[in-house]
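Listed here are the chains, written in short residue letters.
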Amino acid sequence: MCARTRNNENRILTISALLASGFASSGLVVGMLVGSLVIVFDGVYSLVSLLLTLLSLVASRYIRKPSDATFPFGRAVLEPAVIAIKASVILLVVSYSLYSAVMALFSGGREVDASIATVFGTVNVIGCAIAWWFMVNKSKRYSSGLIDAEVKQWQMDTLLSVAVTVGFIAAWLMTLSPWAKYAVYADPIMMLLMSFYFIKVPYDMLKSATRELLMMSPSKEICKTVDQGVIAVGEESEQDIELTAVTKVGHELWVNVDIRPDENEMIALEDIESTRRSLHKRLSKLPFVLQLTMNVAR
């Protein structure tokens, strides 16, 4: 990743951290004032998002350093490591919120000032949606696993705010109906339903990051594109080339290719370099930093 792109990544992560700090403080204050488990969870989630974004910001600056004796293959592996940490922490927060919601249901529910909560929820929806829209637009311009993780965080925060607002509107309407005594269960039920839904997003993030840390094969789309590129170059050259390994680690794509000459056949160095340039040109179209290794196999 070039220095300019990395600087843009740092700037985007900084903006995300500032936005998260605002939502975290407001969510915690309003949640405690109105006694809402869901709003407090929203504030805690925003606070966790802030801490995780700061972690991403530190990692982003550290990853740009060149290879050394400690990291002979570069620091790209730190990106999925950070994403795995973020996903694990979010999973813990959601799991604890699920537990709190179950306990609240069995203890008779929670009474909440639905009017204040609804106003706060509406403001929160608008703010989170703007932040999510901003991050999505930036992720389209700058390919980065850390920015993509921020997009998922803001997506979860926006959907959470929408669910909170809709739930409190329903709870407020319930207080005006013959079922007013059941309104106390609205807050923990909302938390219960959202916890089940939101577990999927951090789980998918953790699964993807773990695959990269274990250097497993990337998505089928990436594998297909790389395979087609190798086949096309093989048809253009006189050499028999074979894709032996491909994996994605952070913003880097690692590709190993074998050149298989006929028995007793000699391959000129110029031919190998020509094949390398052709492969590099084709595979560099993917939005990753290409790490291409070619071996002469007998």
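Residue numbering note: each chain is counted from 1, following its sequence as written. It should be noted that, the model being predicted, local features are given only for residues of pLDDT at least 70 and side-chain atom pairs only at 80 or more, the latter also being counted only at that level, while totals for whole chains, interfaces and linings use all residues. Think of the side-chain values as coming from all heavy atoms in the structure, minus any hydrogens and water.

Observations concerning the overall build of the protein
The condition that has to hold: In this description a helix means any DSSP run of H or I spanning at least four residues, a strand means any run of E spanning at least two, and both kinds are numbered starting from the N terminus. When a residue's accessible area, from a 1.4 Å probe over protein chains only, is under 20% of the maximum for its type it is buried; when over 50% it is exposed; and in between it is partly exposed. Every residue pair with non-hydrogen atoms within 4.5 Å of one another is taken to be in contact. Every accessible area reported is derived by Shrake-Rupley at a probe size of 1.4 Å, with residue values counting cover from the shown protein chains alone.
Broken down by element type, the protein carries nine helices and three strands. Sequence-ordered secondary structure for the protein, helices as α and strands as β, is α-α-α-α-α-α-α-α-β-β-α-β. A burial count over the protein gives 46% of its 298 residues as buried. Excluding contacts between residues fewer than 6 apart, the proportion of contacts in the protein whose partners are at least 24 apart in sequence is 74%. Carbon and sulfur atoms make up 64% of the accessible area of the protein, which amounts to about 15,600 Å² in all.

Focus: the UniProt feature "transmembrane region" (unreviewed entry) in the protein
This is how the line gets drawn: UniProt positions are given in the numbering used here, feature names are shortened, and annotations may be inferred rather than shown by experiment.
Residues annotated by UniProt as "transmembrane region" (unreviewed entry) correspond here to residues 12-38, 44-63, 83-108, 114-135, 156-176 and 182-199. Span residues 83-108 is 92% helix and 0% strand, its end C-alpha atoms 38 Å apart. Overall, residues 182-199 shows 72% helix and 0% strand. The separation of its end C-alpha atoms is 27 Å.

Quick notes on unusual backbone geometry
Backbone geometry places methionine 215, a non-glycine residue, at a positive phi of 55°. Here methionine 215 shows up in the loop between α7 (200-213) and α8 (220-236). The partly exposed category is assigned to methionine 215, whose relative accessible area is 46%.

Digging into the environment of threonine 175
Tracing the chain through its elements places threonine 175 in helix α5 (residues 145-175). For threonine 175, a relative accessible area of 39% gives the class partly exposed.

So, the pattern of salt bridges
Opposite charge on two side chains makes pairing possible when the charged atoms of those side chains draw close. Applied cut-off: What counts as a salt bridge is simple: a side-chain nitrogen of Lys or Arg found within 4 Å of a carboxyl oxygen of Asp or Glu.
Counted by the stated rule, this structure contains two salt bridges. Between aspartate 204 and lysine 200 there is a salt bridge; the shortest N-O distance is 2.8 Å. With a gap of four residues between them, aspartate 204 and lysine 200 both fall in helix α7, about one helical turn apart. Of the residues examined, aspartate 204 reaches a relative accessible area of 33% and is grouped as partly exposed. Take lysine 200: its relative accessible area is 55%, and that puts it in the exposed class. For lysine 248, the salt bridge identified is with glutamate 212, shortest N-O distance 2.7 Å. Taken together, the positions of lysine 248 in strand β1 (residues 241-249) and glutamate 212 in helix α7 put the pair 36 residues apart, joining distant regions of the chain. In this structure, lysine 248 and glutamate 212 share a single accessibility class: buried.

A closer look at α7
Think of an α-helix as turning once every 3.6 residues; residues three or four places apart then point the same way. The test is simple: In this scheme, a helix's expected span is set at 1.5 Å multiplied by one less than its residue total. Throughout, the arc means the angular range of directions from the helix axis out to the C-beta atoms.
The end-to-end C-alpha distance of α7 is 20 Å, a good match for the 20 Å that 14 residues give at a rise of 1.5 Å each. Within the span of α7, buried status applies to Val201, Pro202, Met205, Ala209 and Glu212. Angularly, the buried residues of α7 cover 90° about the axis, an arc narrow enough to put them on a single face. Downstream of α7 by a residue or two, methionine 215 has a phi angle that is positive, lying close to 55°.

Re the side chain of threonine 275
Relative to the helices and strands, threonine 275 is located in helix α9 (residues 269-283). With relative accessibility at 3%, the residue threonine 275 sits in the buried group. Once residues within four sequence positions are removed from consideration, threonine 275 is found in contact with Val233, Ser237, Gln239, Ile241 and Met294.

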